[in-house]
Amino acid sequence: MTSNSRVVVLGAGLAGVRLARRLGELGVPALLVGDEEHRPYNRVLLAEVLAGRYSPDVIALPAPAGLVRAKVTGIDSDRRVLSCADGSEIAYGTLVLATGSNPVLPPLRGLFTPDHVLPEGVHAFRTMDDCLGLSKAVRPGVRAVVIGGGLLGVSAARALAVRGAQVVLAQQAERLMERQLDPNASRLVLRHLKDLGVEVHTECRVRDVRCLGGAVRSVEMADGYALDADLVVLACGVSPRAGLAKAAGIAVHKGVLVDDALRTSDPRIRAIGDCAQHDGTVYGLAAPALEQADVLAASLAGDPDARYTGTRALTRLTLAGNSAFDLAAFDLAAFGETEPRPGDDVVQLADATRGTYRKVVVRDDRLVGGVLVGELGTVGALARAWEGAEPLPSDGGPLLHLLTNDGGT
Ligand SMILES: Cc1cc2nc3c(=O)[nH]c(=O)nc-3n(C[C@H](O)[C@H](O)[C@H](O)COP(=O)(O)OP(=O)(O)OC[C@H]3O[C@@H](n4cnc5c(N)ncnc54)[C@H](O)[C@@H]3O)c2cc1C
């Protein structure tokens, strides 16, 4: 294959690896370019590596044949060439951007050293390197502050607590995972973390990271309260890694703008995964990234009907049980709108002893959202009803199943 018709996939994360594999299966050779030192891995499972439950090998993805390790620093779309940090160039016929996200670094005083490096002891939580760095630093009794109480912060706090750290989680919003969960489900997540010994502060804004000799010593809140810290984890969200595209003149809003064929404003360049923005949405989740990769593989293999029309993404969080804390596994799924609007029907079941909670929101005979904690037997049926947006059968269908599945009437 000449370099002129070659497909080059930039980014060897979940989306890029899936695309390269699918293209291989469809007989379209592709060159996959990634800058991480490690074998491609499933990022979603990094918290389990940090918790010591899995070794890095366990979360490795099957490595595609044509993988090149290089950091791409520029796209010359006229010459159709990528320039790399080591001075080399890679020619493409079609380029796919699968560059993922960057962690959002909050504007805290003291966070950046003059050479733009995070102080010693302060870690983002995005890559295998972040995870191994944290893993090396965590020991029983270490004082860790996790900044951010979304999915990432909750996963990191739990993993560090399981490793014996004294963990404080500082959440700016009034409750945990407020974007995905309703207040009852948030409370169950809070209870799970507290059972692990995590101290959770909500409505708490961190304003300063204090360092001594280049290493973090404490974290200061907006109200002046200071927490001693040997380790700080920044879990304040992510933003699409779209800088290369922007510099090359490709249309970028929050992410790289793509149409239903996952084509950017440059017809030779496509984008998928966390870096892409489709129909106003940047998903930042694994399932849409994989779905986009599958659609794009079909499209690049010549299927004229391959179209991406959006993903109704389900949030799943599985926190494995821990015998040291006498804790059962904690499993959670949330989708769509978990808070009803006036006029919506809500079916809700809670069992405080078992820590289970299930709720669905129905609008005009259609399931518009739900949250399940602890008892996920019905999640598949509910997710399908939600994804399909079909009217619910008048006999109650999946809702009845939800009510009767484990006798929870
Ligand atoms: C700890 C953690 C837990 C998560 N848990 C969940 C979860 O439970 N459920 C869920 O749905 N999602 C979860 N996510 C989000 C999920 O991992 C992402 O949505 C998914 O990885 C997106 O895939 P991607 O291929 O677009 O990006 P990534 O997996 O981030 O891959 C992008 C790759 O491109 C490389 N790259 C970028 N720029 C360049 C360059 N210039 N040169 C070379 N290489 C480059 C990056 O180094 C990276 O390897 C989690 C994320 C983290 C960090």
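Source: prediction; values computed, not measured.

To continue, consider the sheet that holds strand 7 (residues 94-97). Pairing between the strands of a sheet is mediated by backbone hydrogen bonds and can be parallel or antiparallel. Read across the sheet, 5 strands follow the order 3-2-1-7-19 without closing on themselves; strand pairing throughout is parallel. Because the sheet does not close on itself, it has two edges, and the strands there are strand 3 (67-69) and strand 19 (269-271). Direction aside, the axes of adjacent strands within the sheet are offset by 25° on average. In this structure, strand 7 lies alongside strand 19, joined through 3 bridges in parallel fashion. Looking across to strand 19, one finds that V96 is bridged to R270. Against the sheet, helix 1 (residues 14-25) contacts strand 1 (7-10), strand 2 (30-34) and strand 7, and its axis sits at roughly 165° relative to strand 2.

This part covers the state of the cysteines. Scanning the model with the defined rule gives 0 disulfides in all. Not engaged in a disulfide, the cysteine C204 finds its nearest cysteine sulfur in C236; these two sulfurs lie 11 Å apart. Its sulfur unpaired, C211 is 15 Å from the next cysteine sulfur, which belongs to C236. On the basis of relative accessibility, which here comes to 34%, the residue C211 falls in the partly exposed class.

A separate point is the domain arrangement of the protein chain. Along its sequence, the protein chain is organised into domain 1 (7-102 + 239-300), domain 2 (122-236) and domain 3 (314-403). Placing a centre on the C-alpha atoms of domain 1 and another on those of domain 2 gives a separation of 29 Å. In this complex, domain 1 contributes 15 residues to the contact, which on the side of domain 2 involves 16 residues. Across the domain 1 to domain 2 interface the summed buried area is about 1400 Å²; carbon plus sulfur atoms make up 68%. It is H38, L46 and L50 that lose the most area in domain 1 upon contact with domain 2, and together they represent 43% of the buried surface on that side. Where domain 1 touches domain 2, the interface holds 1 salt bridge. A salt bridge links R126 to D274; the nearest nitrogen and oxygen atoms lie 3.1 Å apart. The interface formed by domain 1 and domain 2 includes 5 residue pairs in polar contact (both at pLDDT 80 or more).

Procedures and definitions
Residues numbered from 1 in each chain as written. Predicted model: local features only at pLDDT ≥ 70, side-chain atom pairs only at ≥ 80, totals over all residues. Heavy atoms only, no water. Pairing = 2+ DSSP bridges. Helix = DSSP H or I, 4+ residues; strand = E, 2+ residues; numbered from the N terminus. Axes fitted to C-alpha atoms, helices over the stretch in contact; angles between N-to-C directions. Contact = heavy atoms within 4.5 Å. Disulfide = S-S within 2.5 Å. Buried < 20%, exposed > 50% of the residue type's maximum accessible area, 1.4 Å probe, protein only. Domains from an automatic or database assignment. Buried area = accessible area lost by both parts, 1.4 Å probe. Salt bridge = Lys/Arg side-chain N within 4 Å of Asp/Glu carboxyl O. Polar contact = N/O pair within 3.5 Å; in protein donor to acceptor, adjacent residues only side chain to side chain.

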